[in-house]
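# Coordinate analysis (summary)
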Amino acid sequence: MTTASSSPNSAFIKYWGNRNNPLRLPVADSFSMSLDGPTVEIDIEHSDALKVISFNPDGTQLELGEKHVNRFGKTLDMTKEYLTKLGAPDAIPASVSITVRSNIPPAVGLASSAAVFSCLAKAIQGLVAPVIELTNDQTSVIGRLGSGSAGRSVHGGFVALVAGEGEEIDSSYGKQFADQNHWTLHDIIVVPTMLEKKVGSTEGHATAQTSPGYNDRVEAIMSRRQQECIDAVLKKDFEKLTAVCEEDVLDMHHVMQTSNPPLNYLTDDTHRITNGIIELRISEHLPVFYTMDAGPTVQLICTDESVDRVREFAYAQEGCKVFEAKTGGGARIVREVALSA
Ligand code: DP6
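Owing to the predicted nature of the structure, the values given are computational and were not obtained by experimental measurement. (Residues numbered from 1 in each chain as written. Predicted model: local features only at pLDDT ≥ 70, side-chain atom pairs only at ≥ 80, totals over all residues. Heavy atoms only, no water.)

## Focus on the pattern of salt bridges
It is possible for side chains bearing opposite charge to pair when their charged atoms get close. Worth spelling out the cut-off: The term salt bridge refers to a side-chain nitrogen of Lys or Arg lying within 4 Å of a carboxyl oxygen of Asp or Glu. Segments assigned H or I by DSSP are reported as helices when at least four residues long, segments assigned E as strands when at least two residues long, and all are numbered from the N terminus. Buried means the residue's accessible area, taken with a 1.4 Å probe over protein chains only, is under 20% of the maximum for its type, while exposed means over 50%, and partly exposed covers the values in between.
Enumeration according to the criterion identifies 20 salt bridges in this entry. Across the pair Glu-246 and Arg-281 runs a salt bridge whose closest N-O atoms are separated by 2.8 Å. Taken together, the residues Glu-246 in helix α7 (residues 238-257) and Arg-281 in helix α8 (residues 268-284) connect sequence positions 35 residues apart. Glu-246 sits in the buried class, given a relative accessible area of 8%. In this structure, Glu-312 and Arg-309 form a salt bridge, with 3.5 Å as the shortest nitrogen-oxygen distance. Here the residue Glu-312 and the residue Arg-309 both occupy positions in helix α9 (residues 307-315), the gap between them amounting to three residues, near one helical turn.

## Digging into the site of the ligand
How we decide: In this text, near means that some heavy atom of the residue lies within 4 Å of the molecule or strand in question. Whenever two N or O atoms come within 3.5 Å, that pair is a polar contact, provided that in protein one can donate a hydrogen and the other can accept it, and provided that, for residues adjacent in sequence, both atoms are side-chain atoms.
As a matter of local geometry, the ligand sits amid 17 residues, with Arg-24, Ser-147, Gly-148, Ser-149 and Thr-202 nearest to it. Take Gly-148: an N or O atom from its main chain is 2.7 Å from an oxygen atom of the ligand. Here an oxygen atom of the ligand sits 2.5 Å away from a polar atom, N or O, in the side chain of Thr-202. The greatest single-element share of the shell around the ligand, amounting to three residues, is contributed by helix α5 (residues 201-207).

## Re the domain arrangement of the chain
Interfaces are often sized by the amount of accessible area the parts lose when they come together. So the rule is basically this: Boundaries between domains were set according to an automatic or database domain assignment. It only takes one pair of heavy atoms within 4.5 Å for two residues to be counted as in contact. For any pair of parts, buried area is found by adding up, for both, the accessible area (1.4 Å probe) each one loses once the two are put together. Residues are grouped as follows: Ala, Val, Leu, Ile, Met, Phe, Trp, Tyr, Cys and Pro are nonpolar; Asp, Glu, Lys and Arg are charged; every other residue, Gly included, is polar.
Partitioning the chain into structural domains gives domain 1 (2-183) and domain 2 (186-326). Taking the mean C-alpha position of each, domain 1 and domain 2 sit 23 Å from one another. Across the boundary between the two partners, domain 1 contributes 33 residues, which contact 46 residues of domain 2. Buried area between domain 1 and domain 2, both sides added, is near 3400 Å², and the carbon and sulfur share of it is 66%. Our count for the contact surface shared by domain 1 and domain 2 stands at two salt bridges. The closest approach of N and O atoms between Lys-14 and Asp-293, which form a salt bridge, is 2.6 Å. At the junction of domain 1 and domain 2, the tally comes to 14 residue pairs in polar contact (both at pLDDT 80 or more). The residue inventory of the side of domain 1 that touches domain 2, partitioned by class, reads 19 nonpolar, nine polar and five charged.

## Here we look at the sheet that holds strand β12 (residues 186-192)
In any sheet, the strands associate via hydrogen bonds between backbone groups, in a parallel or an antiparallel arrangement. Which entries qualify depends on this criterion: A pair of strands counts as paired when DSSP detects no fewer than two bridges linking them. Every angle, taken between N-to-C directions, lies between 0 and 180 degrees, and every axis is a line fitted to C-alpha atoms, over only the stretch in contact when it is a helix.
Pairing within the open sheet is antiparallel, and its four strands lie in the order β13-β14-β12-β15. Lying at the two open borders of the sheet, with one neighbouring strand each, are β13 (288-291) and β15 (320-326). Across the sheet, the axes of successive neighbouring strands diverge by a mean angle of 20 degrees, strand direction being ignored. Relative to strand β14 (residues 298-302), β12 runs antiparallel, the two sharing five bridges. Residue Ile-189 lies in a different strand from β14, and its bridge partner there is Gln-299. The strands that α7 touches are β13 and β14; relative to β13, the one it contacts most, it runs at about 20 degrees.

## With respect to α9
Applied cut-off: Think of the arc as the fan of directions from the helix axis to the C-beta atoms.
Buried residues of α9: Val-307, Val-310, Phe-313 and Ala-314, and no others. The buried residues of α9 occupy an angular sector of 120 degrees when projected down its axis, which confines them to one face. In this structure, α9 carries Asp-308 and Glu-312 as exposed residues pointing more than 90 degrees from its buried face. On its buried face, α9 sits against β12, α8, β13, β14 and β15.

Printed below as a string of structure tokens:
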């Protein structure tokens, strides 16, 4: 049995829209920072039929609906297809038994699917190691098949999901640009407690291209933004990073709001928090920027220098919960236990 652990990531250049939905092949590149928590652990072992058990942070068993179990099943089928392409069709001879233990608080607004499927990919890397040694880039393909952004959390530090071209299963993969020791950035996560009922990312990706702003967004990312973000991270230029990340998050939400049907993930709380942090940034010259995914949660990305002040701001937000994370090392294998036959 192999046990792996992983965490979500914070997207700096957002992934939104696929050129192939079932294979989760994105239209444009994206970029993120892997976080050091909260963690998900997965045990995996070979079995005759697919079995998925999941536990909540409090240790109670989560009743997984058919939709969730099917997502694991589809990911496994595509993984087997990929392993066949790599010349190891028997690496998973039948199926697997998966046990998920999540420490991600429900409704935190962090993509738990990125943590779960990057963790599953890493566990699969360990499981198939006696037959085929997968690189981390190859493992990231498996993560991407389960959840696009999971392709990034397989690696630690600062990671791109390279969109690539064509319809090959491995034409898009996660690529690390710097590891977690390069730069410590903090992610202070402010969660308005009244969470709106949301449309999940999977459905959103499928309608993204109905927005009249979609093509311009892709063009901006591919011609300029992604590279500006990578350069800013490599040079530790926080000001440049702030500008490009805030430009991109606002652009993604504009695309979401102008899609058919429109997706409005941001609430009054979101705007109150982002306006507040802009004021604070200007008045106190603080290195901090905001970003939001498919929900009202605001992530405040900041440096060692500003984290205490940003934390103070976050805890002062009425009716909000606060979680803290920082640059992390990506998915890892925690233990491998040889089971006797
Ligand atoms: C807005 O990776 O969650 O958070 O492949 O359907 O699981 P699925 O989508 P997902 O999409 C992430 C969307 C986002 C932006 C980002 O993380 O880049």
